[in-house]
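Observations on chain architecture
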Amino acid sequence: MSNITFNSDEFSSRHNSISKQEENLMLKQIGVKSVDELINLTIPDSIRLENDLNLEKPKTENEFLSHFKTLALKNKKYKSYIGTGYYDCFTPNVIKRNILENPGWYTAYTPYQAEIAQGRMEALINYQTMVTDLTGMEISNASLLDEGTAASEAMTMFFRVRKGSKKKAFKFFVSNKIFPQTIELLKTRSEPLGIELVIDELDKFNCGDDYFGALFQYPDNDGNIVDLSSYLEKARSKSIFTCVASDLMSLVLLKSPGEMGADAVVGNSQRFGVPMGYGGPHAAFYATKEEFKRHIPGRIIGVSVDSAGNNAYRMALQTREQHIKRDRATSNICTAQVLLSVMAGMYAVYHGKDGLKKIATKIASLTQLLENGISSLDFNQENKNFFDTLKIKVTSEEKDKIKKVAEKNHLNFRYFETDYIGISLDETTQVSDVLDILNIFSEVSGKSLEINLDNIDDLKHNISANQIRSSEFLSHEVFNKYHTEHEILRYMKRLENKDLSLVHSMISLGSCTMKLNATTEMIPVTWEEMNLHPFVPTDQAQGYSEMINSLNTWLCEITGFSAISFQPNSGAQGEYTGLMVIRAYHLDKGNDNRNIALIPSSAHGTNPASAIMAGMKVVVVACDKHGNIDYDDLKEKCEQHSENLSCLMITYPSTHGVFEDKILEVCNLIHENGGLVYMDGANMNAQVGLTNPKNIGADVCHLNLHKTFCIPHGGGWARNGANRCS
Ligand SMILES: *Cc1c(COP(=O)(O)O)cnc(C)c1O
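Residues numbered from 1 in each chain as written. Predicted model: local features only at pLDDT ≥ 70, side-chain atom pairs only at ≥ 80, totals over all residues. Heavy atoms only, no water.

Regarding the nonpolar core
In summary, soluble globular proteins display a tendency toward joint burial of nonpolar side chains. Ranked by size, the top nonpolar core spans 78 residues in total, and within it Met130 and Met346 carry the most contacts. For this core, the leading source of residues is helix H14 (residues 338-376), giving 16 residues. Beyond its immediate sequence surroundings of up to four residues, Met130 is in contact with Leu248, Phe272, Ala344, Gly345, Ala348, Leu474 and Phe479. One finds Phe561, Leu648, Phe659 and Met679 within the second-largest nonpolar core, a separate group that totals 34 residues. (Core = buried A, V, L, I, M, F, W, Y, C linked by side-chain atoms within 4.5 Å. Buried < 20%, exposed > 50% of the residue type's maximum accessible area, 1.4 Å probe, protein only. Helix = DSSP H or I, 4+ residues; strand = E, 2+ residues; numbered from the N terminus. Contact = heavy atoms within 4.5 Å.)

Things to note about the packing of aromatic side chains
The full count for this structure, using the stated rule, is 24 aromatic pairs. An aromatic cluster is defined as three or more aromatic residues linked by ring pairs; in this entry it consists of Tyr81, Phe379, Phe413, Tyr415 and Phe441. Residue placement shows Arg162 over the ring face of Phe170; its charged tip is 4.9 Å from the ring centre. Positioned over the ring face of Tyr576 is Arg189, at 5.5 Å from the centre of the ring. (Phe/Tyr/Trp six-rings, centres within 6.5 Å; stacked < 30°, edge-to-face > 60°. Lys NZ or Arg CZ within 6 Å of the ring centre and 35° of its normal.)

Examining the pattern of salt bridges
For the coordinates displayed, the defined rule picks out 27 salt bridges. Taking the shortest distance from any N to any O, the salt bridge between Lys20 and Glu23 comes out at 3.2 Å. Pair noted here: Lys20 and Glu23 are both in helix H2 (residues 20-30), with a separation of three residues, about one helical turn. What makes Lys20 exposed here is its relative accessible area of 57%. Here Lys77 makes a salt bridge to Glu528, at a shortest N to O gap of 3.5 Å. With Lys77 in the loop between helix H4 (61-72) and strand S1 (79-80) and Glu528 in the loop between helix H18 (519-522) and helix H19 (542-559), the pair connects residues that are 451 residues apart, well separated along the chain. (Salt bridge = Lys/Arg side-chain N within 4 Å of Asp/Glu carboxyl O.)

Remarks on the site of the ligand
Around the ligand sit 15 residues, and of these Thr335, Gly571, Ala572, Asp680 and Lys707 come closest. Contact distances for the ligand include 2.6 Å between a nitrogen atom and a side-chain N or O atom of Asp680. Here an oxygen atom of the ligand and a side-chain polar atom of Lys707 are 2.8 Å apart. Surface burial for the ligand is 98%, taken as the share of its 380 Å² of free accessible area covered by protein chains. For the shell around the ligand, a count of residues per class yields four nonpolar, eight polar and three charged. (Near = heavy atom within 4 Å. Polar contact = N/O pair within 3.5 Å; in protein donor to acceptor, adjacent residues only side chain to side chain. Areas by Shrake-Rupley, 256 points an atom, 1.4 Å probe, with all protein chains shown as cover. Nonpolar A, V, L, I, M, F, W, Y, C, P; charged D, E, K, R; others polar.)

Focus on the domain arrangement of the chain
When cut into domains, the chain gives domain 1 (10-72), domain 2 (112-342) and domain 3 (544-724). Each partner contributes residues to the interface: domain 2 has 29 residues there, and domain 3 has 29 residues. Summed over both partners, the interface of domain 2 with domain 3 comes to about 2400 Å²; 59% of that surface belongs to carbon and sulfur atoms. The tally of links between domain 2 and domain 3 comes to one salt bridge. Applying the counting rule to domain 2 against domain 3 returns seven residue pairs in polar contact (both at pLDDT 80 or more). For the side of domain 2 that touches domain 3, the elements supplying multiple residues, two or more each, are helix H9 (180-190), helix H13 (322-325) and H14. (Domains from an automatic or database assignment. Buried area = accessible area lost by both parts, 1.4 Å probe.)

Digging into the sheet that holds strand S15 (residues 420-424)
Across the sheet, four strands lie side by side as S11-S12-S15-S14; this open sheet has antiparallel pairing. Bordering the open sheet on either side are strand S11 (380-381) and strand S14 (414-415), each of which pairs with just one other strand. Bridging between strand S12 (residues 389-393) and S15 involves five bridges; their strand directions are antiparallel. Note that in S15 the partner of Ile392 across the bridge is Ile421. (Pairing = 2+ DSSP bridges.)

Focus on helix H8 (residues 147-161)
Counted at 1.5 Å a residue, the expected span for H8 with its 15 residues is 21 Å, and the 21 Å between its end C-alpha atoms agrees. Burial analysis of H8 places 14 of its 15 residues in the buried class, which makes it a mostly covered element. Its side-chain oxygen at 3.2 Å from the backbone nitrogen of Gly148, Asp146 defines the N-terminal cap of H8. (Expected span 1.5 Å × (residues − 1).)

A few points about helix H17 (residues 485-498)
End to end, H17 covers 20 Å across 14 residues, agreeing with the expected 20 Å (1.5 Å per residue, within 8%). The complete set of buried residues in H17 reads Ile488, Tyr491, Met492, Leu495 and Glu496. Looking straight down H17, one finds that the buried residues subtend no more than 135° of arc, so they occupy a single side. Among the exposed residues of H17, those oriented more than 90 degrees off its buried face are Arg490 and Asn497. Looking at the buried residues of H17, the elements they touch are helix H5 (93-100), helix H6 (103-106), helix H7 (118-135) and H14. (Arc of directions from axis to C-beta.)

Things to note about a negative patch on the surface
A cluster of acidic residues, Asp624, Asp630, Asp632 and Glu636, forms a negative patch on the protein surface. With respect to the secondary-structure elements, Asp630 resides in the loop between strand S18 (617-621) and helix H22 (631-640). (Patch = residues over 30% accessible without salt bridge, like charges linked within 9 Å, V, L, I, M, F, W, Y side chains within 5 Å. Lys, Arg positive; Asp, Glu negative; His and termini not counted. Charge placed at Lys NZ, Arg CZ, Asp CG, Glu CD.)

Comments concerning the side chain of Asp220
In this fold, Asp220 is placed in the loop between strand S5 (211-218) and helix H10 (229-237). No salt bridge is formed by the buried Asp220; the nearest opposite charge belongs to Lys177, separated by 4.8 Å. With residues near it in sequence (within four places) discarded, Asp220 still touches Lys177 and Val226.

Here is the structure:
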């Protein structure tokens, strides 16, 4: 062999550090001769793969990076003014380098063990405080997966807590001025629960007895700021719960939804210093009133005072956790977006109230400048009261022309289906950008642009006075101390040093995998070429398409399944997606009675919670003390519910790490009784290359990409794929 290829096992030897000596010691202790023998004894023969995985030849880390760069460069980096919930922003470099790119923060585990997680939990408390301040609510969780999920969780929370005469109310009003992606998610989430969505104009909302809740957006999908007070008040007087989807940056200037009377406020914190990343991951927020505190989805960090009178942080309200409530859990949210909420919270700590006000005021003022220019070119702009977004009336001919010229100039606007163009400015927009936009409208209209920039520094926004915030925010001292680089740097380091992460030791916690991502794998995360708006035309995201397509092929090979969805945002959302696929399968066959999910008592708490969300009924199957399924009990329940069996959810290898011998029999039994098998893939790391979900007889599974593959856990940073067998 020439030594040209000497590097090819570099990755495995660098990341799998066991020495021959250590291996021998381990084997001796266990009492086997080789690793192969150990695996043969561990994984039943009947489910082993016959061939090696057919994957590409491994790359060295340097080859990987240059290959990945080639792909990334296929993405076209235009300036995007598309808005709709995603905005370009400046990630302060001190936060980028010391949190996002720092394994001390991105390898931490979920903060179950308070004494080694005080730093992370303080950062999360900062995030929660920022959210409650800006939204005007009393309590907030430590993040959710995305805005749509947060809005859906508000809907289902209201649905669960409705009482008295409202017990019979099934309608949820949704203003038609909500982001389209949020509406899509609400449609999926409402249907299995029997919730009827009524999507209409605000003024059509009659607050009838058959409504239990309502959702509004502020500023809305068009970018218009509507005073919601009267709507929220009227709903309240009729015992209808209200949620407002909102935008944190606009709330810096605007009267908060809490002051207007909302019961819950949700949204996305992406623009607080987190790159757009073609749609995520970002931390969504969820804030509500104290009265709902036992029903809040996700995790909440609370403060306890110890015997010496010192503050200590801990995960609070554990009673809501799925692990205890099981099929009475209020939601299936487990891993959320901690690393990103830590970043968003630090962004607020770094800028403080005045810094944020400057940023928000600049955005709003430049939007006013844009409006002045647009009107001077005789275009009609629809939004009477706006923060960062204009909605411009055009003819369909103008729309096509503007799109052409804008793309030629590397600018993306939002093109509504009707003849409107949306333009949303952000923290990165400069006066020159506004002029670039205006020049496009000028070119298309044939009118010359007349705009006076003499008094540009006195430029003001025009948000109506009664919508302007008068209440305080970010007055806590943490938001008033760390506004210089050295101070925030030391603060972040101080918090990091309180915590245990993979930079200190292995973390032997949890049933799922904790792995150290290779630094090389993390490097592309912060490349500017990866920072695309999720709604750019697909020809600008060719690099991403190629990456997603390759991943699709590889994960199909690894799971044995035929198709993958990359939509779910976490393992639990993968469960939900998979169960919804199973549900659709039975409905398609005309079996609308098949709604029983068999779930072993040792299953992760998200399993029963997801089944309930998918409209199923949970029947618990007994397990022995090792967490193995009690086959006789399974058989009995299976036969008893044969007529109505939807599926079995099974974790493989089990939560206790065992590859149960009977797995093929178990899956057969389910199939014979007309059900499908859902495999919880949280422990997929134990299967890769040795067996797969298809071989064990499963039909659908999810993969927790932050557990088995190279997404950082980061104190709970999720992004997963759900698989399905077609
Ligand atoms: C982690 C885990 C889940 C939930 O996955 P998230 O990504 O946290 O939503 C489900 N089942 C098992 C066995 C797990 O370990």
